[in-house]
Amino acid sequence: MQLQNVIIAHKAGDRSSKNLAEKAAKQLEQRGCHVMMGPSGAKDNPYPVFLASTSKPIDLAIVLGGDGTALTAARQLSPDGIPILAINAGGHLGFLTEPLELFNIDAPIDGETVWERLTTDRYAIERRMMLQAHIYDGDDRNAEPDSEKFLALNDMCIKPAAADRMITSILEVEIDGEIIDQYQGDGLLVSTPTGSTCYNVSANGPIVHSGMAAMTIAPICPLSLSSRPIVIPPGSTVSIWPLGDYELNTKLWNDGVLATSIWPGQRVDVQMADAQAKFIILRDNYSYYQTLREKLLWAGSRIRYEHHHTRN
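Residues numbered from 1 in each chain as written. Predicted model: local features only at pLDDT ≥ 70, side-chain atom pairs only at ≥ 80, totals over all residues. Heavy atoms only, no water.

So, the overall build of the protein
Quick note on the threshold: Numbering of helices and strands starts at the N terminus; helices are DSSP runs of H or I of at least 4 residues and strands are runs of E of at least 2. For the radius of gyration, the atom set is restricted to C-alpha positions; the globular benchmark scales as 2.2 Å times the number of residues to the power 0.38. The buried label goes to any residue with under 20% of its type's maximum accessible area, the exposed label to any with over 50%, and the partly exposed label to all in between, with areas taken from a 1.4 Å probe on protein chains only. Contacts are assigned to residue pairs that have any heavy atoms within 4.5 Å of one another. Counted as positive: Lys and Arg. Counted as negative: Asp and Glu, with His and the chain ends omitted from the count. Charge coordinates come from a single atom per side chain, which is NZ of Lys, CZ of Arg, CG of Asp or CD of Glu.
Looking only at helices and strands, the protein has six helices and 16 strands in total. Since a compact globule built from 312 residues should have a radius of gyration of about 20 Å, the 21 Å found for the protein is in line with a globular shape. Expressed along its principal axes, the backbone C-alpha trace of the protein runs to roughly 65 × 60 × 40 Å. A burial count over the protein gives 49% of its 312 residues as buried. A separation of at least 24 residues holds for 68% of the contacts in the protein among residues at least 6 apart in sequence. Side chains of the protein give 27 positive and 37 negative charges; the mean places of these two sets differ by 8 Å.

Next up, the structure:
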């Protein structure tokens, strides 16, 4: 990897991640790298300015924060194929991030700093499936969308929102034009394998390995016990129709961020996105199952033993 043009985004409002970003930027600039740095948060989106400020390819995005900061980077940078090094600095669970100790910009590990590892290609890249959604008017399958394209790494969520009460929604779902069910409840989730361990698993959806290409559909707190999650192929188109929403409360959310309102007669089409998120893996012993054990506090994260299975 050539470290010539690098983005550094740090978690907005977090002093420790900002200090680390400033130190990393200074070291990269001493190496002759052009660095663009700024905060990323609910009210701060530095990426449009970053992307518009340079005509040269961006080699790397360093994201210092938690999973939310990494999700924002993935939505903004995946269309341009920019690899993301997400470091858990000021975050909590850290499903998508590398441990902070591996971002060793000062003290070498095994004789190398993180800059040497990156410039000598001693890392792996994990590509993760994403979702895209458009809003359409009516049932015309050849019509132009009424909205921009919305991207998500975790999930697309269709649910109502109101300031004064909790609203039950009625959502009719089609897969590739065929009606599947009408869900009544708090809403509906369409998730990627990456997002299967987020809101989806809280809604009793299945955990899907991040190396797979698939979509899960999970109702959120359905009123019917027969409403169950389903896993579908990645080439499917999921169409969601809000029914009976006379007060215009139904919204589309991508990765927990409000995307747009959905008007009566409109549908949301969710598909696998054209782009993939590219995350840099620094851990030599990276294991998806170890991540599940540690982040979800499964018993395997506490029990340490050596198995001695033999074949007769």
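Still to come is the rest of the account.
What to know about unusual backbone geometry
Even without a glycine there, the phi angle at Asn 204 is positive, about 65 degrees. Along the polypeptide, Asn 204 turns up in the loop between α5 (199-202) and β11 (215-220). Judged by relative accessible area, Asn 204 falls into the exposed class, the value being 64%. Its identity is not glycine, yet Cys 221 carries a phi of approximately 45 degrees, on the positive side.

Let's talk about the side chain of Asn 200
Selection criterion: Residues adjacent in sequence count toward polar contacts only when both atoms are side-chain atoms; beyond that, a polar contact is any pair of N or O atoms within 3.5 Å, and within protein one must be able to donate a hydrogen and the other to accept it.
Relative to the elements of secondary structure, Asn 200 occurs in helix α5. Residue class for Asn 200 comes out buried when judged on its relative accessible area of 0%. A distance of 2.9 Å separates a polar side-chain atom of Asn 200 from the backbone oxygen of Pro 206. The contacts of Asn 200, once residues within four sequence positions are left out, are Leu 189, Ser 191, Gly 195, Gly 205, Pro 206, Thr 216 and Ala 218.

Digging into the environment of Thr 120
Among the secondary structure elements, Thr 120 is positioned in the loop between α4 (114-119) and β5 (124-137). Given a relative accessible area of 45%, Thr 120 falls into the partly exposed group. It is 6.9 Å that separates the C-alpha atoms of Thr 120 and Met 1, two residues lying 119 residues apart in sequence. Here the side chain of Thr 120 touches Glu 116 through a polar contact of 2.6 Å, landing on its backbone oxygen.

Things to note about the sheet that holds strand β10 (residues 187-191)
What counts here: Two strands qualify as a pair provided DSSP detects at least 2 bridges between them. All axes are obtained by fitting lines to C-alpha atoms, using only the stretch in contact for helices, and the reported angles, taken between N-to-C directions, cover 0 to 180 degrees.
Pairing is antiparallel across the open sheet formed by six strands, whose spatial order is β12-β11-β10-β7-β14-β15. Looking at which strands have only one partner, the edges of the open sheet turn out to be β12 (230-232) and β15 (257-261). Adjacent strand axes in the sheet meet at a mean angle of 20 degrees, parallel and antiparallel pairs treated alike. Relative to β10, strand β7 (residues 155-160) is paired through four bridges, and the arrangement is antiparallel.

Remarks on the environment of Leu 223
Looking at where Leu 223 falls in the secondary structure, it is placed in the loop between β11 and β12. Taking the C-alpha atoms as reference, Leu 223 lies 32 Å from Arg 75; in sequence the two are 148 residues apart.

A few points about helix α6 (residues 288-295)
To keep it simple, the criterion reads: The arc in question is the one traced by the directions running from the helix axis out to the C-beta atoms.
Within α6 the residues assigned to the buried category are Tyr 288, Thr 291 and Leu 292. Each buried residue of α6 lies within a common arc of 100 degrees when the element is viewed along its axis, so the set occupies one face. Two or three places before Tyr 289, at the opening of α6, Ser 287 has a side-chain oxygen 3.3 Å from that residue's backbone nitrogen.

Focus: the pattern of salt bridges
Quick note on the threshold: Here, a salt bridge means any side-chain nitrogen of Lys or Arg that lies within 4 Å of a carboxyl oxygen of Asp or Glu.
Applying the stated criterion to the full structure yields eleven salt bridges. Close ionic contact of Arg 141 with Glu 174 constitutes a salt bridge, the shortest N to O distance being 2.5 Å. Here the residue Arg 141 occupies a position in the loop between β5 and β6 (150-152), and Glu 174 occupies one in strand β8 (residues 169-175), the gap between them amounting to 33 residues. Among the residues examined, Glu 174 registers a relative accessible area of 7% and is labelled buried. Several salt bridges share partner residues, and in doing so they unite Asp 139, Arg 141 and Glu 174 into one network.

Description of the packing of aromatic side chains
Stated precisely, the cut-off is as follows: Only Phe, Tyr and Trp rings are paired, with Trp represented by its six-membered ring, and only when their centres lie within 6.5 Å; those with planes under 30 degrees apart are stacked, over 60 edge-to-face, the remainder tilted.
Applying the stated criterion across every chain yields a total of three aromatic pairs. Relative to Phe 50, the ring of Tyr 47 has its centre 6.0 Å away and its plane inclined at 85 degrees; by these criteria the two rings are edge-to-face. In this pair, Tyr 47 and Phe 50 both sit in helix α2 (residues 47-52), three residues apart, roughly one turn of the helix. Here Tyr 47 matches Phe 50 in class, with each residue buried. For the ring pair Phe 103 and Trp 115, a centre distance of 5.8 Å and an interplane angle of 80 degrees mean the geometry is edge-to-face. Linking Phe 103 in the loop between β4 (84-88) and α4 with Trp 115 in helix α4, this pair joins segments that are twelve residues apart in sequence. Here Phe 103 matches Trp 115 in class, with each residue buried.

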